[in-house]
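Read off the chains here:
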Amino acid sequence: MQPKPEQRSPTPTPLWACLSVTWITSFGTAIGWSGVFFVTKEAHGFSKVDNLWLGVWMGAAYTLCAWFAGGLMGRQVGRGKRV
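Residue numbers here run from 1 along each chain, matching the order of that chain's written sequence. This being a predicted model, a pLDDT of at least 70 is required before a residue's local features are given, and a value of 80 or more before pairs of side-chain atoms are given or counted; all residues contribute to the totals for chains, interfaces and linings. Computation of side-chain values: all heavy atoms of the structure, hydrogens and water removed.

A. Seen up close, the overall build of the chain. If you tally the helices and strands in the chain, you get two helices and zero strands. Within the span of the chain, comprising 83 residues, buried residues form 6% of the whole. Computed by Shrake-Rupley with a 1.4 Å probe, the accessible areas treat only the displayed protein chains as cover when residues are assessed. A total accessible area of about 7700 Å² is found for the chain, and carbon and sulfur atoms account for 69% of it. Numbering of helices and strands runs from the N terminus; a helix is a DSSP stretch of H or I covering at least four residues, while a strand is a stretch of E covering at least two. Think of it in three bands: with a 1.4 Å probe and only protein chains considered, a residue is buried below 20% of the maximum accessible area for its type, exposed above 50%, and partly exposed in between.

Structure (structure tokens):
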């Protein structure tokens, strides 16, 4: 299917915008992953061992979700769907 002549092709996003959004989300993620241990220690009385186990479970959950998401995306691409 050919695009209609009056339709414009999309313009690429400026590099500064991509880098800004990437930095903001990376910073927010770092604050969240680090801040959770501070909150659990100060507000909920977690010990160092409790926080270690919390980190282990958070890492395991992240790994499993990433693994399943990778397989899901691979199947979607294989079906010819745009992702």
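B. Looking closely at a nonpolar patch on the surface. Taken together, V49, L52, W53, V56 and W57 make up a surface patch of nonpolar side chains, about 580 Å² in accessible area. Tracing the sequence through the fold places W57 in helix α2 (residues 48–78). Within the patch definition used here, like charges are joined within 9 Å and nonpolar side chains (Val, Leu, Ile, Met, Phe, Trp, Tyr) within 5 Å, considering only residues with over 30% relative accessible area and no salt bridge. One speaks of a salt bridge when a side-chain nitrogen belonging to Lys or Arg is within 4 Å of a carboxyl oxygen belonging to Asp or Glu.

C. Examining the packing of aromatic side chains more closely. The pairing test for Phe, Tyr and Trp rings, Trp by its six-membered ring, is centres within 6.5 Å, and the orientation test on the planes gives stacked under 30 degrees, edge-to-face over 60, and tilted for anything in between. Enumeration according to the criterion identifies three aromatic pairs in this entry. The interplanar angle of 10° and the centroid separation of 5.2 Å between the aromatic rings of W23 and F27 together place this pair among those described as stacked. On the criterion of helical spacing, the pair formed by W23 and F27 is a turn pair, its members being four residues apart in helix α1 (residues 15–44). According to the relative accessible area criterion, F27 is partly exposed, its value standing at 46%.

What is shown is where atoms sit, not what they do.
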